[in-house]
Amino acid sequence: MNLVVTGGRGFIGSHFVELVLQKGCKVVDIDKMTYASSNSLPFDSNPSYSLIKKDICDLEHIPPCDAIINFAAESHVDNSIAGPTTFFNSNTSGVFNLLELVRGKVYNKPLFFHISTDEVYGDIRGTDSVETDVLNPGNPYSASKAAAEMFVLSYSRTYELDFIMTRSSNNYGLRQYPEKLIPQIIYCLENNKKIPIHGDGSYIRDWVDVKENVKAIYHLLLHGEKNEIYNISSNNHLTNLEVVQQVCQWYNIDDYMQHVEFVPNRLGQDTRYSISSDKLKATGYKTQESTGLKRFK
Ligand code: NAD
């Protein structure tokens, strides 16, 4: 399969590229190379991989391919609160530009495989979110992702573009930029610094191993129904303090609270995310249910 991947130098995108190269795909990666991207990756010398260093907002042509998998985005909620404009540009206008380019293709329109997030559902106090729920984004990051979803849906209906969309829960694993919770905890422990935790640390996220997420994305690329949305999670709910506790256990630290420093809460903090992966399971995919975090190196 010939794939165009955007944001393939970022955290999740790089794991996806690694997987699909192993599966024999050819990949053209379009990445702006923001601060969150990796300059050096294990697949750099693979002849089936090539990189175009470009912003998806400025792209004028999509290389011929079977599918475009759009990971490119600004991804850190705190940054979106401090400066929302780049989030609107990359996460909404960038997707709009990609859709326009796909729409303009006279024939052989590629599948538009869009990577969204569980954060578009907003705060979940009741049952797990399912794909048909109304979106209720609570911060500029999730709003920019939800807005992009609306363009994908409307282009599919109006211009008959085929899409698949995923909304995964919080990913963890190798190569995540240290602004995110787990690499930040590791950085603080290894550098003898206090771990900053928002509010009282009780906020719940649903953690999925990045390798699980990209396996599910690849499965859906092959077997997903076109023009459908799929949640991806491991049913692995942890408070932020439990995440600290578990990462501390990797370092044989019991008194994890000694390492925590509570900091003012994030503006508009979502207290809980929780999604159902039943629709993904119905495609024949066996999700990896977890209770806790697996150590990665
Ligand atoms: P990341 O910040 O680690 O990587 C993003 C990559 O996209 C970087 O390589 C960056 O250079 C590139 N990029 C950013 N803006 C671009 C632009 N305008 N043009 C071209 N390239 C651009 O992000 P991530 O954590 O790997 O997230 C990837 C995708 O998954 C995002 O769409 C994000 O919304 C989504 N997502 C992430 C998580 C998570 O837990 N990290 C969870 C659910 C969904």
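Everything discussed here concerns the structure shown above.
These numbers come from a predicted model, not from an experiment. For every chain, the first residue of the written sequence is number 1, and numbering continues from 1 onward in sequence order. Local features are withheld for residues below a pLDDT of 70 in this predicted model, meaning they are given only at 70 or higher, and side-chain atom pairs are given and counted only at 80 or more; totals for whole chains, interfaces and linings count all residues. The basis for the side-chain values is all heavy atoms of the structure; hydrogens and waters are excluded.

**Student:** Sorry if this is basic, but what is going on with the environment of leucine 59 here?
**Tutor:** Structurally, leucine 59 can be placed in the loop between β3 (49-53) and β4 (67-70). C-alpha separation for the pair leucine 59 and leucine 101, spaced 42 residues apart in sequence, amounts to 8.4 Å. Setting aside anything within four residues of it in sequence, one finds leucine 59 in contact with Ile30, Lys54, Asn97, Leu98 and Leu101. What counts as a helix is a DSSP run of H or I of at least four residues, what counts as a strand is a run of E of at least two, and both are numbered from the N terminus. Whether two residues are in contact is decided by their heavy atoms: any pair within 4.5 Å suffices.

**Student:** Is there a simple way to think about the side chain of lysine 145 in this case?
**Tutor:** Note on placement: lysine 145 falls in helix α4 (residues 140-159). Not counting chain neighbours up to four residues away, the residues in contact with lysine 145 comprise Ala73, Asn91, Ile115, Ser116, Thr117 and Val120.

**Student:** Where do I start with unusual backbone geometry in this structure?
**Tutor:** If a residue is not glycine, its phi is most likely negative; likewise, a peptide bond is most likely trans. In this model, arginine 175 sits at a positive phi of 75°, which is unusual for a non-glycine residue. In the Ramachandran plot, asparagine 235 falls in the positive-phi region, its phi being about 55° despite a non-glycine side chain.

**Student:** Whenever I open this one, the site of the ligand confuses me. Can you help?
**Tutor:** In the vicinity of the ligand there are 28 residues, among which Ile12, Asp31, Ser75, Tyr141 and Lys145 approach most closely. Any pair of nitrogen or oxygen atoms within 3.5 Å is treated as a polar contact; in protein, a donor-acceptor pairing is required on top of that, and neighbouring residues in sequence qualify only through side-chain atoms on both sides. Here threonine 34 contributes a backbone N or O atom positioned 2.8 Å from an oxygen atom of the ligand. Values of accessible area rely on a 1.4 Å probe in the Shrake-Rupley scheme; residue burial ignores everything except the protein chains shown. Computed on the free molecule, the ligand has an accessible area of 840 Å², of which 97% lies beneath the protein chains in the complex. Looking at the shell around the ligand, the elements with two or more residues in it are α1 (11-22), β5 (111-117), α4 and β7 (170-172). Ranked by the residues each element gives to the shell around the ligand, the list is headed by β5, at 3 residues. Residues are labelled near a given molecule or strand when at least one of their non-hydrogen atoms is within 4 Å of it.

**Student:** Is there a simple way to explain the sheet that holds strand β11 (residues 237-239) in this structure?
**Tutor:** Each strand in a sheet pairs with another by means of backbone hydrogen bonds, the pair being arranged parallel or else antiparallel. A pair of strands is labelled paired if DSSP reports no fewer than 2 bridges between them. Reading across from one edge, β7-β9-β11 is the order of the 3 strands in this open sheet, with mixed pairing throughout. At either end of the open sheet lies a strand with only one pairing partner, and these are β7 and β11. Here the average twist between neighbouring strands, direction ignored, is 50°. Direction of pairing for strand β9 (residues 204-209) relative to β11: antiparallel, over a ladder of 3 bridges. Opposite isoleucine 204, over in β11, you have threonine 239 as the bridge partner. Lines fitted to C-alpha atoms define the axes, with helix axes restricted to the stretch in contact, and inter-axis angles between N-to-C directions lie between 0 and 180 degrees.

Honestly, that's just the spatial picture; any functional story needs more than this.
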